[in-house]
Amino acid sequence: MSQFHKTSLLTGFTFIAALAGAAPVAAQAVEEAAEAPATAGQTEGLQDIVVTAERRQSTVQRTPISITAVTGEELMRQGVRDASDLASKIPNVSIANNVGSMTVNIRGIGTNYDNQSAEPAVNVNVDGVYLARAVSAIGAFYDIERIEALRGPQGTLYGRNSTGGSVNIITKKPVMDEFQGQAEVEVGNYDLLRTFGMLNVPVVEGKLAVRAAFQTESRAGYTDNAPARDYNDAENVSARLHVLFTPNDTMSLLLSGDYGHFGGVGPTHLTTPAAAEGFKVPLDTEGYRDVPLYGASAQFNWDLGPAALTYIGAYRYFHRNQLYDNDFTITPATTRDYYAIYDWKNSNWSHELRLASTSSDPFKWVVGGFYYTEDNDYTFRAVNPSPTTESTCFCNPVATVKSWAVFGQGTYKLTDTLSVTGGLRYTKDRKTERGQTIITPVVGAPRIVDNIADLGWENVSGKFGLEWQVSPRSLVYGSVSNGYKGGGYYDGENNTYKPEKLYAYEIGTKNRFFDSRLQVNASAFYYDYKDFQAVYVVTLPGGARVAATGNADKSRSYGAELETEFLLTPDDRFDFSATYLNAKFIDFVLNSTPPQDYSGFRMPRSPKFSLRAGYGHTWNFNSGATLTAHVQTYFQTKSWLMFQHFPGSQQDSYTRTDFDLTFEAPEKRWYVSAYVRNAENSVVAGNAVAGIGNVPALDLMPPRTYGVRLGARF
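Residues numbered from 1 in each chain as written. Predicted model: local features only at pLDDT ≥ 70, side-chain atom pairs only at ≥ 80, totals over all residues. Heavy atoms only, no water.

A. Region of the structure containing the overall build of the protein. Counting its regular elements, the protein contains four helices and 41 strands. Rg of the C-alpha trace for the protein: 25 Å, near the compact-globule value of 27 Å for 714 residues, within the 12% margin. Considering only C-alpha atoms, the protein reaches an extent of 80 × 60 × 50 Å along its principal axes. Split into buried and exposed, the 714 residues of the protein put 57% on the buried side. Within the protein, contacts between residues separated by at least 24 positions form 66% of all contacts whose residues are at least 6 apart in sequence. As displayed, the protein offers around 28,400 Å² of accessible surface, 60% of which is attributable to carbon and sulfur atoms. Each charge class in the protein can be summarised by its mean position, and for the 63 positive and 74 negative side chains these summaries are 3 Å apart. (Helix = DSSP H or I, 4+ residues; strand = E, 2+ residues; numbered from the N terminus. Rg over C-alpha atoms; globule rule 2.2 N^0.38 Å. Buried < 20%, exposed > 50% of the residue type's maximum accessible area, 1.4 Å probe, protein only. Contact = heavy atoms within 4.5 Å. Areas by Shrake-Rupley, 256 points an atom, 1.4 Å probe, with all protein chains shown as cover. Lys, Arg positive; Asp, Glu negative; His and termini not counted. Charge placed at Lys NZ, Arg CZ, Asp CG, Glu CD.)

Listed below in structure tokens is the structure:
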């Protein structure tokens, strides 16, 4: 990092501190505010959102990292039911589909491929359980307590390390002292029918409670692909069960299980001409999707007095069985149809053990260990991928991952208002593969390339931070941290790539003004990236096209985020966010034939500016009923979806506007809600990969959708 940027960050830190407050308030006032119950919130003004991003209960405003949290009630009101619905809700976070999997990008950092060797740069966790493959999260968006999006490297507090950040999905847990139930039905365009149900049962008062929830979704495809059946439909079902046992005041055991099945035709890529025509493109391959997934976990908590012990053990499994059109057009009768078939079985175990201090001593700490194993039986078959090739099978029945780590972080109060934080992590990774790439030509014998890998890496990473509680409602923080993501391999020869490393510098401030009616949070960051893992397509001898990975020697990303909320009156709320992002490859010569120089290119999925604004008003009736109207619009400047900047891989600037209107009966016994999402019917590609002849293959975000929800609580 240059001396100029270091000086700029320090100057910015001082400037933000000056804005946050002229002088520290009395230490006693700060201490009292800090020790107030996290769930208390404000009787008037903006309510606090309790988070566990730092492995202990706090609020967003008292957590000295860049984090955005969205409550389950807010998600339900806005009709958020899957990952794509979140795309415009969280600043500098991009969430899109990749033929049915989920790709997450934070501040220009992410991975747009999902296969047996790829590793996410942004982790997705559900109730503390790491989901190695984002396809496992597609059915998790129901009965949600909140979603937390953490920006920047995560490793000194989390079991599984990440370079770009984490998205934590926290589901609602059993309630010990109250019988609860909820039922909901939703209808909408594209023949949408969605149902949801929840039942919470206290079995033994104060000791045992059970919570069960389910969601079903049936929807016609939102792309018109005649003569083939329409892609991008849904025939999905998901269910979750929590059992909470508290034998005494110091121990609890939470047992959880979930199951999902995702069927129908499923999604597919579309080419740029298809996107230009909206959501209509003729295809001739009859696709299908048959994806069962399930998992189980156990979380044990034990309050030992000065410290609390937590263990989370989990098992997850999915089988991705999917066929989709891969030539993006109607194939002439004289040409063979090109399509792709996934047959991918994935199972993994994870174990995390943490010990965290609970006393009010000046020193607060967390230490932990993590062990993770993953087994893949991965087959991807490309049928008729070229005029001379009948099929290419990436047949890898043995592809494993093993990772273990120890980590810890501590915060020490230097004064009543100033604290210092330090953390360290040691990680050891190993990846192996035993398989073959089998290229079957139209004429002649198959060509077989062995896919063999046995690789390992070790890494030490850490974090140093300062936080200053300028006043009970103003916090200033700064940190220096580094992240790491293991290297790997891809199918074919000379197929290894190096780990990537990120050095992150960040400053920020969080503030409440006017009796907590106005909230202003801001952060600025500078990232130095080494060996960024960029995915591209190469052609093997014999004509097989394979997703390869290369390392960009040096990349850089810097920018800023502003998030505000303003409670104009008890019934009027305005929110606004703005982001600036400059993410570029500084030194990137791809080791291809011939070598390609991408130095100076903007990194993919990194719009320079994005803006979000929302306004809501609530009408209160004498009966106790309420009517709430809300509008939100999102704007994003143009961005590239592929690092090569192939023609057709640029997403132009666009806006997406959402409306919702919700009536709630007295005591919230029942409700009815109407919504419109993407009112402009904007054609937006959220992700792209290289198709035939390097023509971009795009994954479109949903078009205009609208519907009505009717629900009851009991």
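Picking up after the structure, the text goes on.
B. Structural context of the environment of Gly-110. Mapped onto the elements of the fold, Gly-110 is located in strand β6 (residues 109-110). Residues contacting Gly-110, with those up to four places away along its chain left out, are Val-104, Asn-105, Ala-121 and Phe-532.

C. Quick peek at the nonpolar core. Counting residues in hydrophobic clusters, the biggest one holds 39 residues, and the most contacted among them are Tyr-324, Tyr-342 and Phe-380. Of all the secondary-structure elements, those providing two or more residues to this core are β17 (288-303), β18 (307-325), β19 (339-357), β20 (363-386), β28 (518-539), β39 (685-690) and β40 (696-700). Counting residues per element, this core draws most heavily on β39, at four residues. The residues touching Tyr-342, leaving out its near neighbours within four places in the chain, are Asp-114, Arg-320, Asn-321, Gln-322, Tyr-324, Tyr-378, Thr-379 and Phe-380. Core analysis: the second largest hydrophobic core is formed by 24 residues, Leu-75, Ile-90, Val-104 and Ala-140 among them. (Core = buried A, V, L, I, M, F, W, Y, C linked by side-chain atoms within 4.5 Å.)

D. Summary view of the sheet that holds strand β16 (residues 270-271). Strand order in the open sheet formed by three strands is β16-β40-β39, and the pairing between neighbours is antiparallel. Both outer strands of the open sheet, β16 and β39, are each paired with one neighbouring strand and no more. In the sheet, β39 pairs with β40 via five bridges, with the strands oriented antiparallel. Along β40, the bridge assignment pairs Ala-688 with Leu-698. (Pairing = 2+ DSSP bridges.)

E. How the structure looks around the state of the cysteines. Taken as a whole and assessed by the stated rule, the structure comprises one disulfide. At a sulfur-sulfur separation of 1.8 Å, the disulfide partner of Cys-393 is Cys-395. In this structure, the disulfide formed by Cys-393 and Cys-395 twists by about 110 degrees around the S-S bond and is classed as right-handed. The class for Cys-393 is buried, based on a relative accessible area of 2%. (Disulfide = S-S within 2.5 Å.)

F. Seen up close, the sheet that holds strand β7 (residues 122-126). The strand order across the open sheet formed by five strands is β3-β9-β10-β7-β8, and the pairing between neighbours is mixed. In this open sheet, the two edge strands, each paired with only one partner strand, are β3 (67-71) and β8 (129-131). Each adjacent strand pair in this sheet contributes to an overall mean axis angle of 20 degrees, direction not counted. Here β3 pairs with strand β9 (residues 144-151) via five bridges, running antiparallel. When the sheet's bridge partners are listed, Val-70 is paired in β9 with Ile-147. (Axes fitted to C-alpha atoms, helices over the stretch in contact; angles between N-to-C directions.)

G. Quick look at the pairing of strand β24 (residues 474-485). β24 sits mainly inside the fold: ten of its twelve residues count as buried. One ladder, built from eight bridges, connects strand β23 (residues 447-471) with β24; its direction is antiparallel. Counterpart to Gln-469 in the pairing with β24 is Leu-475. Where β23 folds back onto β24 in an antiparallel hairpin, the turn is made up of two residues. Taken together, the twelve bridges between β24 and strand β27 (residues 500-513) define a ladder with antiparallel strand orientation. Residue pairing in the sheet places Asn-482 in a bridge with Tyr-503 of β27.

H. Representation of the environment of Ile-169. When you line up the elements, Ile-169 lands in strand β10 (residues 165-171). A relative accessible area of 1% places Ile-169 in the buried class. Ile-169 sits 29 residues away from Ala-140 along the chain, and the two C-alpha atoms are 7.9 Å apart. Filtering out sequence-adjacent residues up to four positions away, Ile-169 remains in contact with Val-124, Asn-125, Val-126, Asp-127, Ala-140, Phe-141, Ile-144, Arg-146 and Ile-147.

I. Molecular detail of unusual backbone geometry. The peptide bond linking Ala-226 to Pro-227 adopts the cis configuration, its omega dihedral lying at 15 degrees. With respect to the secondary-structure elements, Pro-227 resides in the loop between β13 (208-219) and β14 (234-245).

J. Expanded view of the packing of aromatic side chains. Under the counting rule described, the total for this entry stands at 30 aromatic pairs. A centroid spacing of 5.4 Å and a plane angle of 40 degrees characterise the contact between Phe-588 and Phe-643, whose relative ring orientation is tilted. Of the two residues, Phe-588 sits in the loop between β30 (572-587) and β31 (589-590) while Phe-643 sits in the loop between β35 (639-640) and β36 (650-651), which places them 55 residues apart along the sequence. No difference in accessibility class separates Phe-588 from Phe-643, as the two residues are buried. Between Tyr-634 and Tyr-654 the ring centres are 6.2 Å apart and the planes differ by 50 degrees, which places this aromatic pair in the tilted class. Taken together, the positions of Tyr-634 in strand β34 (residues 626-636) and Tyr-654 in strand β37 (residues 654-664) put the pair 20 residues apart, joining distant regions of the chain. Each of the two residues, Tyr-634 as well as Tyr-654, counts as buried. Over the aromatic face of Tyr-158 sits the side chain of Arg-55, whose NZ or CZ is 4.1 Å from the ring centroid. Note that Arg-320 overlies the ring of Tyr-342, its terminal NZ or CZ placed 3.9 Å from the centroid. (Phe/Tyr/Trp six-rings, centres within 6.5 Å; stacked < 30°, edge-to-face > 60°. Lys NZ or Arg CZ within 6 Å of the ring centre and 35° of its normal.)

K. The arrangement of the pattern of salt bridges in detail. Scanning all chains against the criterion turns up 30 salt bridges. Across the pair Lys-172 and Glu-73 runs a salt bridge, and its minimum N-O distance is 3.5 Å. Of this pair, Lys-172 sits in the loop between β10 and β11 (180-188) while Glu-73 is found in helix α3 (residues 72-77), placing the two residues 99 residues apart along the sequence. Close ionic contact of Glu-561 with Arg-107 constitutes a salt bridge, the shortest N to O distance being 2.8 Å. Placement of the pair is Glu-561 in strand β29 (residues 545-569) and Arg-107 in the loop between β5 (101-106) and β6, with a sequence separation of 454 residues. No difference in accessibility class separates Glu-561 from Arg-107, as the two residues are buried. What emerges from the salt-bridge pattern is a single network uniting Arg-107, Arg-151, Glu-506, Glu-561 and Glu-563. (Salt bridge = Lys/Arg side-chain N within 4 Å of Asp/Glu carboxyl O.)

L. A look at the environment of Pro-696. Within the secondary structure, Pro-696 sits in strand β40. Each C-alpha atom, one on Pro-696 and one on Leu-270, is 8.3 Å from the other, the two residues being 426 residues apart in sequence.

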